[in-house]
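Below, each chain spelled out in residue letters.
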Protein chains: 4
Amino acid sequence: MSQTDLVSLRRRLHRKPEVAWTEFYTTASIVDELDRIGVDALFVGPDALDGEKRMAVPDDETLAAALERAREAGANPDTLAKLEGGYTGAVAVLEKGEGPTVALRVDIDGLPQRESSDDAHLPAREGFRSEHEGQMHACGHDAHATIGLGVLERIKESEFEGTFKVLFQPAEEVVGGGRAMAESGHLDDVDYLLAIHVGLDHPTGEIVAGIDGFLAVTQFRATFHGHPGHAGAAPEEGKNAVQAMAAAVQNLYGISRHSDGETRVNTGRVGGGTASNIIPEEAFIHGEVRGKTSDLRDYMWTRAQEVLEGAATMHGCDLELTIEGEAPSATSDEALVDIVYDLSENVDGVTSRMRRDDLGGSEDATYLMQYVQERGGLAAYVGVGTSHPGGHHTATFDVEEATLGIGVETVSGAILDIAATRP
Amino acid sequence: MSQTDLVSLRRRLHRKPEVAWTEFYTTASIVDELDRIGVDALFVGPDALDGEKRMAVPDDETLAAALERAREAGANPDTLAKLEGGYTGAVAVLEKGEGPTVALRVDIDGLPQRESSDDAHLPAREGFRSEHEGQMHACGHDAHATIGLGVLERIKESEFEGTFKVLFQPAEEVVGGGRAMAESGHLDDVDYLLAIHVGLDHPTGEIVAGIDGFLAVTQFRATFHGHPGHAGAAPEEGKNAVQAMAAAVQNLYGISRHSDGETRVNTGRVGGGTASNIIPEEAFIHGEVRGKTSDLRDYMWTRAQEVLEGAATMHGCDLELTIEGEAPSATSDEALVDIVYDLSENVDGVTSRMRRDDLGGSEDATYLMQYVQERGGLAAYVGVGTSHPGGHHTATFDVEEATLGIGVETVSGAILDIAATRP
Amino acid sequence: MSQTDLVSLRRRLHRKPEVAWTEFYTTASIVDELDRIGVDALFVGPDALDGEKRMAVPDDETLAAALERAREAGANPDTLAKLEGGYTGAVAVLEKGEGPTVALRVDIDGLPQRESSDDAHLPAREGFRSEHEGQMHACGHDAHATIGLGVLERIKESEFEGTFKVLFQPAEEVVGGGRAMAESGHLDDVDYLLAIHVGLDHPTGEIVAGIDGFLAVTQFRATFHGHPGHAGAAPEEGKNAVQAMAAAVQNLYGISRHSDGETRVNTGRVGGGTASNIIPEEAFIHGEVRGKTSDLRDYMWTRAQEVLEGAATMHGCDLELTIEGEAPSATSDEALVDIVYDLSENVDGVTSRMRRDDLGGSEDATYLMQYVQERGGLAAYVGVGTSHPGGHHTATFDVEEATLGIGVETVSGAILDIAATRP
Amino acid sequence: MSQTDLVSLRRRLHRKPEVAWTEFYTTASIVDELDRIGVDALFVGPDALDGEKRMAVPDDETLAAALERAREAGANPDTLAKLEGGYTGAVAVLEKGEGPTVALRVDIDGLPQRESSDDAHLPAREGFRSEHEGQMHACGHDAHATIGLGVLERIKESEFEGTFKVLFQPAEEVVGGGRAMAESGHLDDVDYLLAIHVGLDHPTGEIVAGIDGFLAVTQFRATFHGHPGHAGAAPEEGKNAVQAMAAAVQNLYGISRHSDGETRVNTGRVGGGTASNIIPEEAFIHGEVRGKTSDLRDYMWTRAQEVLEGAATMHGCDLELTIEGEAPSATSDEALVDIVYDLSENVDGVTSRMRRDDLGGSEDATYLMQYVQERGGLAAYVGVGTSHPGGHHTATFDVEEATLGIGVETVSGAILDIAATRP
């Protein structure tokens, strides 16, 4: 694809951002492109991932409405039929003779964020602002999907020998899709895995050969089920779920720091009760714990469960606890970092290179990296700088489109070098 | 009005329950009846209350939608025009020569409660179930309004000498209307005030001459304004409003009991934050405190404010605190209790009498009682039993309609005796 | 005994206040008096109570030191030998022919309170201030013991027919002795029981015929056992007992009020940890719950245990929970109240009478009252006013000594009337 | 000093451990040795430090008792006279011609820890166990003082050219003495500063050339002053200091982690209240906050103060807050680390070397390091391994005495090289 094609494709995707597990139009568009390019094998929806391992899937009504929206927007009905029930995403495979199996993972979902309609915001000014009001590609996954397709086409046309896969992963923003794709079987024979991310406060032209410092994360939803009571006439009949929730919040933040490294805890969204004069029967915490390593996250998660159970016990409530999202920590392998770093020196448009940087957040590409590494393969997470006007996850985030070509060149170049040198 | 008329009127109101400050159809229907009966003076909407003293008024959009619904249901447009902006309620006056001024207060609002559609529920079986899905007359205020009109007609036709007023008060369920009506000016010359309530676990045929034990109440909304932050990358940037809220909840319930009598506290509805990975920027508590006396309620309210301020300070948040509803405590005057008790012995259908009983809840009729009592008048709150299948505020609450006639007879009889004896 | 004798005896006891279960000198002094008066049966120490039921007994070292102090003060060694191990108290019996069995219970222990040495304080001025620095008869139990002996002598000399017992009960201040005396067997045949208390904000000359409103109480000690850790180097190794304790405190006070009546909760003494840089391994709460009835106290106690267990779970601690004191609620029987009220009208020095008043605190005489009442007997708790300069349990509390004679007259008179009328 | 002399001296000090600001015998013993060795200037007590800057000084009674104990043990009365009031410590100076000023800081205080009397514990077995029951040299400061004297003697005898100072610092264990010594004036002309510590889990024979990772620390004491009340009769009269304390504890641990690095918080010792039936009037927290940098510690301390103030406000209490100890963070300068690392290779007994390691705790030598570094000097903190059977601050901690000679050789060697090369 030419730079013009890349830009056009990215803008098409940008107009139709779809949040976790509703990437119906997006997946169908990707499949259209793959059909145009021509691949040796194509796995869509339930064939692309382990459906049982999906986390944070929306309810049926939400899924059905999003599917209908995609249908009305003209998405291919045959593709949509395969995605029903929130089985989005795809895996494309090129078989190019003897050689290693190399994979590229890109994520494709949008965010529940309203996009700026200000003229200073390029998508608004140039007419490709989100058509899904309240949803937005505010983290560049439209660019990721585009780069994934660009790389696939470039590798197809290249001298690459071996097998090449592109994994179009849904539901990264809720750390809900990584595990389902990691355990889909498609990674079992992968020798080398790259994942990419644009931006991250690196300007256009800068490449970070290996990103690390992923915080392992567990997102959870705790619901306290108590019993109502009239706050004036019989308060003692209540089992106060809001008291349980408040006790839990107070003590979750109080989980001890750990001398082995960074940990995090947050009760990001809470609620409970119905009216000021009713002892609250139900309350919830939508929260998360993180750790610099998966062990540190596990420490936090074990302690969090003790706190939640203790809080329920305190107020005679039942605790319902579900994991809503999860990702381990991971580290980029030095051998791949070397290749990306060296190769990028000569890529057109690359003006600055870093060997490594820390993410400081979470990302479920780590599930795939870990899966490959545990089986003897190598993995790296590559940063492709883009000068974004607003921060990630804000209304004015945007991708400078020169990044698309730089990303395709850098990643496809690295894949050719990996296949050639088999580090 | 005959018993048939009373039943018919009550069912008409029952079909159109309207929650606090949206009693547009209800007020218009009452005004229609008052016009039919003929009164000497009629005050509607802003003329019936002190609009500035209304509490817990819904937002404009909600008010406008409810007004439109009443219009579509055929309510008198002239009346509706006066009620715009949530100025519901009415005051009707009969001038019948020299004598004391006696007033009856009835409340007219419904509840945000879905009504049972089960055939065992009489309104469902007989076809007068709520047409406003999710709203319901689940506390008998349809019967109160009906009895108020029935009493007015009876007094008009009687030998009563003096002035008689019926106060049709909106927004009792949110303790938001009592103060506005108490301070409307219509009570300034009132010598004797009665208020009534049906049910309260007393069966049809039972009269409670004086109800006491009202808990004074203050309902409040506390909002903590903090600052967001990324829970993984920069948690320290947050000023955590959910932590502030949780600390407040923990310590509000911990306000000390008082040796002078009953107190209550509840954080009945709480919420905060936006997503599991964002340090929550805002959180709220919709809560209440109560006391057996207004002093005890004030003690609780003073302490509650200390707790809320301390919680905000703890987490660097700003506190926004508004009173959403309020009612004092009150006691029925013995002289009026005597009259009601003695009179009711000979009322048809009355099979059981109690001198006094305790409510154990809150009720803003107390504002009116207190207003009259502070100016030298007497007041009593009369219970008119009705065998209700479900409890108050539940989907299967219903009023046995024989109660309507018993209520009219008892209350109008008492009013005649009051005017005659001027206790 | 003459008023002079009563005063002299009371001052002797006042000089040697002894806290719960260390009433060695006090018991020996009482036994001396009983020997002087002459009784038909005398039960001392282990024979006076059910030793297994004692609560809040100090450790052996404390007991031994107090016993030694009594020995050095000249207490009768034979009596002391019986009291060893903290078996204090005595029961004296007069057998005076056929008739009902009437009992009087008086308590005899002092408080851990330093007595004022100010000249304005009569015991200081007149030289009978406490010789046990840091301990004090600050609740009038010296007067109670004295009145008990005075009444016994008066009944012995009277026409009383039947059996009369005086129960000298230890350890009331820690609500630790009532149960042991109630279940000693000495109450099994008691038909009528009186207990007395001086003061309670009633002036000298006022009699309260029946005191009620005893709050049932359970006093407990909760210890959280966690694990230490270095607060800088390895905080995660700690299981933080102070966090568990704090969570418990926050939520104990938050136990819901009860619509059936008064409840109380207090964490009156807490502590934990060793140094600022060690994660605290151990923490304790010395607390209590109360209720207007024993049921309400039980509700509080059940909820308190849930809170304590939940708090331990939250922070991975083990909970050790012991009951340190306990007393039920009780009510004075109307028939006895009548007799005391009527009789007191003619007692010299009585200038004011009340039928009933509320204590608003706790008292383990209720164990004895309940024991008698459950077996068909009658019981009352009589207040004997005394104008006390300082409040109960303060350094300047004192008993106006005219009270001693009034108490003896009132109580012995009532006992004679009870035996005569057998209500 | 020979190895025998070093051992003998260390054992003498070991027998008389003295906690912070009571190092009377210890200081006097050090002065005796300095007199024996002969120094050019000697500053003792108030002349050795800035007395106003001392933190965590015990009360006068404790100081007087410890001074008396030292006197009875035969300490030089002239020296003791200078130390009165808790002005312990000393600074010794050698003037050896032109050259840089080099200083060595050693700390000299013991811990409030009972020493093991088990035969497996060498000091017990060989008869030099602590004679101050309940106090112990459980962190090797006896060895530090000894090495300091050994190095001084060695430098005196050497070719060293310049000025050499040894700072014998009291009260390190409470981080209370560092600041007073840093700001004494004795560091104003220092070009190079070394500080040492034995052990730290490094075996005998291992040298760590530069220790870093000191956590900046602030230790505080917060007292909540409320108001008492009878928990049964009038709980509302109380202003509950224990509730305030518990709210503070819950929220102190909940202070947000910081993305810039490690932080810590601990409420290591708490207490409050007097009896289970009194609303607690007073409660305290003896706690601390730490940070990897002084900025991070300041962040924690600012937040901690907000929490403490908010907790007091919540429960109507007054807050009294004092800083009890403090130390900044610090880093060892590379140039000195190089010298120590290189030099130690050839020291007899050194079998293992590390360039750097992290302490992970706090140490107020950082005050001195920072003071020198801010004025253009260089500083390093050197670890001298010793195989200690029990952990630091435990009853079985001990210093393997071969360490004494190794320490003297390494440190004096490094000082000679520093003076020679002036890095």
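Because the structure is a prediction, the values reported are computed rather than measured. (Residues numbered from 1 in each chain as written. Chains lettered and ligands numbered in written order. Predicted model: local features only at pLDDT ≥ 70, side-chain atom pairs only at ≥ 80, totals over all residues. Heavy atoms only, no water.)

J.: Kindly report on the overall build of chain A, identifying the contributing residues and their values.
T.: Of regular secondary structure, chain A possesses twelve helices and 14 strands. Taken over the C-alpha trace, chain A has a radius of gyration of 23 Å; the compact-globule value for 423 residues is 22 Å, and the two agree within 12%. For chain A, the spread of C-alpha atoms along the principal axes amounts to about 80 × 50 × 40 Å. The long-range fraction of contacts in chain A, counting pairs at least 24 apart against all pairs at least 6 apart in sequence, stands at 83%. With the model as given, the accessible surface of chain A reaches about 14,000 Å², and the carbon-plus-sulfur share is 44%. (Helix = DSSP H or I, 4+ residues; strand = E, 2+ residues; numbered from the N terminus. Rg over C-alpha atoms; globule rule 2.2 N^0.38 Å. Contact = heavy atoms within 4.5 Å. Areas by Shrake-Rupley, 256 points an atom, 1.4 Å probe, with all protein chains shown as cover.)

J.: Tell me what's going on with the relation of the copies chain D and chain C, and back it up with residues and numbers.
T.: At an RMSD of 0.0 Å, chain D and chain C line up after a rotation of 180° and a shift of 0.0 Å along the axis. Taken together, the rotation and translation relating the two chain copies correspond to the operation of a two-fold axis. (Least-squares fit on C-alpha atoms with pLDDT ≥ 70 in both.)

J.: For unusual backbone geometry, give the residues involved together with the corresponding values.
T.: Residue and element names in this part refer to chain A. Phi is positive for Val175, which is not a glycine, with a value near 40°. With respect to the helices, strands and loops of the structure, Val175 is situated in the loop between strand 4 (162-169) and helix 7 (178-182). Assessed through its relative accessible area of 5%, Val175 is described here as buried. (Buried < 20%, exposed > 50% of the residue type's maximum accessible area, 1.4 Å probe, protein only.)

J.: Give a detailed account of the interface of chain A and chain D, specifying residues and quantitative values.
T.: Listed by partner, the interface residues are 14 residues for chain A and 14 residues for chain D. In this assembly, chain A packs against chain D so that about 1,000 Å² is buried in total across both faces, 33% of it on carbon and sulfur atoms. Considering only the surface of chain A that becomes buried against chain D, A:Gln250, A:Arg257 and A:Arg264 emerge as the three largest contributors, covering 59% of it. The tally of links between chain A and chain D comes to zero salt bridges. The interface formed by chain A and chain D contains ten residue pairs in polar contact (both at pLDDT 80 or more). Mapped onto the side of chain A that touches chain D, the elements with two or more residues apiece are helix 8 (241-252) and strand 9 (263-273) of chain A. With three residues, strand 9 of chain A is the largest single contributor of residues to the side of chain A that touches chain D. Split by residue class, the side of chain A that touches chain D holds four nonpolar, seven polar and three charged. (Buried area = accessible area lost by both parts, 1.4 Å probe. Salt bridge = Lys/Arg side-chain N within 4 Å of Asp/Glu carboxyl O. Polar contact = N/O pair within 3.5 Å; in protein donor to acceptor, adjacent residues only side chain to side chain. Nonpolar A, V, L, I, M, F, W, Y, C, P; charged D, E, K, R; others polar.)

J.: Report on the interface of chain D and chain C, specifying residues and quantitative values.
T.: With 37 residues of chain D at the interface, the matching set in chain C holds 37 residues. Each partner contributes to the roughly 2,700 Å² buried at the junction of chain D and chain C, and carbon and sulfur atoms together form 51% of this total. On inspection of chain D and its partner chain C, the count reaches zero salt bridges. Here chain D and chain C share 14 residue pairs in polar contact (both at pLDDT 80 or more) between them. Breaking the side of chain D that touches chain C down by element, the ones donating at least two residues are helix 8 (241-252), strand 9 (263-273), strand 10 (278-279) and strand 11 (282-291) of chain D. Per-element accounting of the side of chain D that touches chain C gives the leading share, nine residues, to strand 9 of chain D.

J.: Just give me the short version of the relation of the copies chain A and chain D, but keep the residues and values in it.
T.: When chain A is fitted onto chain D, the two copies agree to an RMSD of 0.2 Å after a turn of 179° and an axial shift of 0.1 Å. The fraction of interface residues of chain A whose copies in chain D are also interface residues reaches 100%, indicating that both copies meet through the same surface.

J.: Would you mind going over the packing of aromatic side chains in detail, with residue names and values included?
T.: Aromatic ring pairs are described here by two measures, namely the spacing of the ring centres and the angle between the planes. All names here are of chain D. According to the stated counting rule, one finds twelve aromatic pairs over all chains in the structure shown. Here the aromatic rings of Phe160 and Phe164 are separated by 6.1 Å at their centres, their planes lie at 65°, and the arrangement is edge-to-face. Here Phe160 matches Phe164 in class, with each residue buried. For the pair Phe220 and Trp301, a centre-to-centre distance of 5.4 Å together with 35° between the ring planes defines the contact as tilted. Separated by 81 residues along the polypeptide, Phe220 in strand 7 (residues 216-225) and Trp301 in helix 9 (residues 294-314) bring together distant segments of the chain. Look at Phe220 and you get buried, because its relative accessible area is 1%. On the basis of relative accessible area, Trp301 is assigned to the buried category, the value being 11%. Taking the ring centre of Tyr371 as reference, the NZ or CZ of Arg375 above it sits at 3.6 Å. (Phe/Tyr/Trp six-rings, centres within 6.5 Å; stacked < 30°, edge-to-face > 60°. Lys NZ or Arg CZ within 6 Å of the ring centre and 35° of its normal.)

J.: For the packing of helix 1 (residues 3-15) of chain B against helix 6 (residues 141-157) of chain B, give the residues involved together with the corresponding values.
T.: Residue and element names in this part refer to chain B. Contact pair helix 1 / helix 6: the axes reach a minimum separation of 9 Å and the direction vectors enclose 140°. With respect to their mutual orientation, helix 1 and helix 6 come out oblique. As helix 1 packs across helix 6, the resulting crossing turns out to be right-handed. The segment helix 1 lies against helix 6, with Leu6, Leu9, Arg10, Leu13 and His14 engaging Asp142, Ala143, Ala145, Thr146, Leu149 and Gly150. The residue inventory of the contact of helix 1 with helix 6, partitioned by class, reads six nonpolar, three polar and two charged. (Axes fitted to C-alpha atoms, helices over the stretch in contact; angles between N-to-C directions. Parallel < 35°, antiparallel > 145°, perpendicular 65-115°, else oblique. Left-handed = near helix turned anticlockwise from the far one by under 90°.)

J.: Could you give me a rundown of the sheet that holds strand 11 of chain D, with the residues and numbers involved?
T.: Adjacent strands of a sheet pair through backbone hydrogen bonds, lying either parallel or antiparallel. The sheet built from eight strands is open, its strands ordered 12(C)-7(C)-11(C)-9(C)-9(D)-11(D)-7(D)-12(D) with antiparallel pairing. At either margin of the open sheet sits one strand with a lone partner, and together these are strand 12 (318-327) of chain C together with strand 12 (318-327) of chain D. Going from strand to strand, the sheet's axes swing by 20° on average, the running direction of each strand aside. Most of the contacts of helix 8 of chain D go to strand 11 of chain D, to which it runs at about 15°, and overall it touches strand 9 (263-273) of chain C together with strand 7, strand 9 and strand 11 of chain D. (Pairing = 2+ DSSP bridges.)

J.: Quick rundown of the environment of C:Asp398? Include the residues and the values.
T.: All names here are of chain C. With respect to the helices and strands, Asp398 occurs in the loop between strand 14 (378-384) and helix 12 (402-421). Apart from the residues lying within four places of it in its own chain, the contact partners of Asp398 are Arg10, His121, Leu122, Pro123, Ser387, His388 and Pro389. Within the structure, Asp398 has its side chain in polar contact with the side chain of Arg10 (distance 2.8 Å).

J.: Mind laying out the domain arrangement of chain A, listing which residues take part and the relevant values?
T.: All names here are of chain A. What the domain assignment reports for chain A is domain 1 (3-214 + 330-421) and domain 2 (216-327). In this assembly, domain 1 packs against domain 2 so that about 810 Å² is buried in total across both faces, 44% of it on carbon and sulfur atoms. Area buried by domain 1 at its contact with domain 2 is led by Met55, Val175 and Ser362, which between them contribute 45% of it. Counting the contacts that link domain 1 with domain 2 gives zero salt bridges. Inspection of the region where domain 1 meets domain 2 yields four residue pairs in polar contact (both at pLDDT 80 or more). Broken down by element, the residue count for the side of domain 1 that touches domain 2 peaks at three residues, all from helix 11 (residues 365-374). Taken together, the residues of the side of domain 1 that touches domain 2 sort by class into six nonpolar, four polar and four charged. (Domains from an automatic or database assignment.)

J.: Before we move on, can you summarise helix 9 (residues 294-314) of chain B with the specific residues and values?
T.: Over its 21 residues, helix 9 of chain B runs 30 Å from end to end, which matches the ideal 30 Å to within 8%, given 1.5 Å per residue. Immediately downstream of helix 9 of chain B, the backbone of B:Gly316 shows phi near 60°, a positive value. (Expected span 1.5 Å × (residues − 1).)

J.: Explain the pairing of strand 4 (residues 162-169) of chain C to me, and be specific about the residues and the numbers.
T.: Residues and elements named next belong to chain C. With eight of eight residues buried, strand 4 is to be regarded as a mostly interior element. Pairing of strand 2 (residues 90-96) with strand 4, which is carried by seven bridges, proceeds in the antiparallel orientation. Each residue of the ladder has a partner; that of Val93, found in strand 4, is Lys165. Summarising the sheet, strand 3 (residues 101-107) and strand 4 pair through seven bridges and their orientation is parallel. What sits directly across from Leu104, in strand 4, is Val166.

J.: Please give an account of the environment of A:Leu34 that cites residues and values.
T.: All names here are of chain A. Examined against the element boundaries, Leu34 turns out to sit in helix 2 (residues 24-37). Between the alpha carbons of Leu34 and Ala233 there is a distance of 66 Å; along the sequence they are 199 residues apart. Look past the residues within four positions of Leu34 in its chain and what remains in contact with it is Val39, Leu42, Ala92, Leu149, Leu152 and Phe168.

J.: Before we move on, could you go through the sheet that holds strand 2 of chain C and cite the residues and values that matter?
T.: All names here are of chain C. Taking strand neighbours across the sheet as the criterion, the eight strands line up as 1-2-4-3-5-14-6-13 in an open arrangement whose pairing is mixed. Both outer strands of the open sheet, strand 1 (41-44) and strand 13 (352-358), are each paired with one neighbouring strand and no more. The average angle at which neighbouring strand axes cross in this sheet is 20°, direction not considered. Looking at chain direction, strand 3 and strand 5 (residues 192-198) are connected through four bridges and run parallel. Considered in strand 5, the bridge of Ala103 is made with Leu193. Contacts from helix 10 (residues 334-344) reach strand 5, strand 6 (206-212), strand 13 and strand 14 within the one sheet, and its direction differs from that of strand 13 by about 155°. Lying over the sheet, helix 11 (residues 365-374) contacts strand 3, strand 4, strand 5 and strand 14, oriented at roughly 150° with respect to strand 14.

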